[in-house]
Amino acid sequence: MTERNENNEQIASSNLMANHEIPVQQEFPHAEKTVDDGEVKVVYFAGFWMRFWAYLADLLIIGSLNRILIHPIFKFYEGTDDLWFSAEGFLTGIVFFLYFVLMTKFLNQTLGKMIFGLKVVALKEETKTISWGTVLFRELIGRYISKITWIGYLLAGLLPKKQALHDVFADTSVVLIRR
């Protein structure tokens with residue numbers, strides 16, 4: 001496509017913007033541009049506090065599930081087992097990990113993340129759902145290490161892509177989603 005200038009000379013359409021100012025899009029910190037179907041989307045990574053409140057909501061939900069499903073089974077059991085090594089402690093741990101693994105695999109977010117508009121994304125995978133290997137590594141091994149050290153969660157406030165230690169291990173991140 002060609003255009004003509006004031007001297008009636010032909011100029012290429014690629015030169016049209018040379019004389020005009022190009023609008024500059026203001027970017028926010030901790031945002032990354034991704035291209036999807038020809039349109040540019042800006043992705044905002046969720047910081048420490050958003051993830052913290054979502055995690056607290058998840059803990060309330062898991063605690064409620066344990067009170068409804070697990071604790072009534074052991075209400076009348078008067079064993080001398082230590083809480084960490086009891087059958088009740090084992091089953092509540094299973095509920096904890098199953099909640100995070102299944103919700104992250106099938107919905108890419110837990111109920112706490114849904115409340116706060118967050119979603120887990122794989123940084124290297126092309127599909128919309130996260131693979132089983134990534135989910136299991138993130139939620140079982142990575143979260144266990146983050147839970148033991150606690151500094152793993154604090155990294156979400158320091159790293160550029162707002163990744164906690166279990167996100168770094170699994171190459172995932174948590175992003176804000178548009179509502």
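Note: the structure precedes this text.
Only a predicted model underlies this, so the values are computations on that prediction, with no experimental measurement involved.

1. Side note on the overall build of the protein chain
Move 1: The number of helices and strands found in the protein chain is 6 helices and 6 strands.
Move 2: Tracing the protein chain from N to C terminus, the helices and strands come up as β-β-β-β-α-α-α-β-α-α-α-β.
Move 3: If you take every contact in the protein chain between residues at least 6 apart in sequence, the share linking residues at least 24 apart comes to 59%.

2. Some details on the packing of aromatic side chains
Move 1: Throughout the structure, instances matching the rule amount to 11 aromatic pairs.
Move 2: A ring pair is formed by phenylalanine 96 and phenylalanine 97, whose centres lie 5.1 Å apart and whose planes are at 90°; its orientation type is edge-to-face.
Move 3: Assessed through its relative accessible area of 8%, phenylalanine 96 is described here as buried.
Move 4: Ring-pair connections join several aromatic residues into one group, and the members of that group are Tyr55, Phe96, Phe97, Tyr99, Phe100 and Tyr153.

3. Remarks on the side chain of glutamate 139
Move 1: By the secondary structure assignment, glutamate 139 is in helix α4 (residues 132-149).
Move 2: Of the residues examined, glutamate 139 reaches a relative accessible area of 0% and is grouped as buried.
Move 3: At 3.3 Å, the side chain of glutamate 139 forms a polar contact with the side chain of threonine 104.
Move 4: In this view, glutamate 139 contacts Phe97, Phe100, Val101 and Thr104; residues no more than four positions away in its chain are not counted.

4. Some points on unusual backbone geometry
Move 1: Here the phi dihedral of asparagine 108 falls at roughly 60°; this positive angle occurs in a residue that is not glycine.
Move 2: The phi torsion at aspartate 171 lies on the positive side, around 60°, for a residue other than glycine.
Move 3: Position of aspartate 171 among the secondary structure elements: in the loop between α6 (165-170) and β6 (172-176).

5. A closer look at the environment of glycine 157
Move 1: Looking at where glycine 157 falls in the secondary structure, it is placed in the loop between α5 (151-154) and α6.
Move 2: Remark: the alpha-carbon pair of glycine 157 and phenylalanine 48, spanning 109 residues in sequence, is separated by 4.7 Å.

6. Section: the nonpolar core
Move 1: Formed by Tyr55, Ile62, Ile70, Phe74, Val95, Phe96, Tyr99, Phe100, Met103 and Tyr153, the largest nonpolar core amounts to 10 residues.
Move 2: Secondary structure elements with two or more residues in this core: α1 (48-69) and α2 (87-107).
Move 3: If one sorts the elements of this core by residue count, α2 sits on top with 5 residues.
Move 4: When residues no more than four places from it in sequence are discounted, the contact partners of isoleucine 70 are Leu65, Glu88, Leu91, Thr92 and Val95.
Move 5: Counting residues in hydrophobic clusters, the runner-up holds 9 residues, among them Leu118, Ala122, Ile130 and Val135.

7. Observations concerning the pairing of β6
Move 1: Of all the 5 residues making up β6, 4 are buried; the element is thus mostly covered by neighbouring parts of the structure.
Move 2: Strand direction decides the pairing type here: strand β5 (residues 118-122) and β6, joined by 5 bridges, are antiparallel. Residue pairing for β6: lysine 119 is matched across the bridge by valine 175.

8. Details of the packing of α2 against α4
Move 1: Here α2 crosses α4 at 140°, and the two axes come no closer than 9 Å. On the basis of their axis angle, the class for α2 and α4 is oblique. Crossing handedness for the pair α2 and α4: right-handed. Between α2, through Phe96, Phe97, Phe100, Val101, Leu102, Thr104, Lys105 and Phe106, and α4, the contact on the second element is made entirely by Trp132, Val135, Leu136, Glu139, Leu140, Arg143 and Lys147.
Move 2: Its residues assigned to classes, the contact of α2 with α4 shows 10 nonpolar, 1 polar and 4 charged.

Thresholds applied
- Residues numbered from 1 in each chain as written.
- Predicted model: local features only at pLDDT ≥ 70, side-chain atom pairs only at ≥ 80, totals over all residues.
- Heavy atoms only, no water.
- Helix = DSSP H or I, 4+ residues; strand = E, 2+ residues; numbered from the N terminus.
- Contact = heavy atoms within 4.5 Å.
- Phe/Tyr/Trp six-rings, centres within 6.5 Å; stacked < 30°, edge-to-face > 60°.
- Buried < 20%, exposed > 50% of the residue type's maximum accessible area, 1.4 Å probe, protein only.
- Polar contact = N/O pair within 3.5 Å; in protein donor to acceptor, adjacent residues only side chain to side chain.
- Core = buried A, V, L, I, M, F, W, Y, C linked by side-chain atoms within 4.5 Å.
- Pairing = 2+ DSSP bridges.
- Axes fitted to C-alpha atoms, helices over the stretch in contact; angles between N-to-C directions.
- Parallel < 35°, antiparallel > 145°, perpendicular 65-115°, else oblique.
- Left-handed = near helix turned anticlockwise from the far one by under 90°.
- Nonpolar A, V, L, I, M, F, W, Y, C, P; charged D, E, K, R; others polar.

Shape descriptors only; they carry no functional weight alone.
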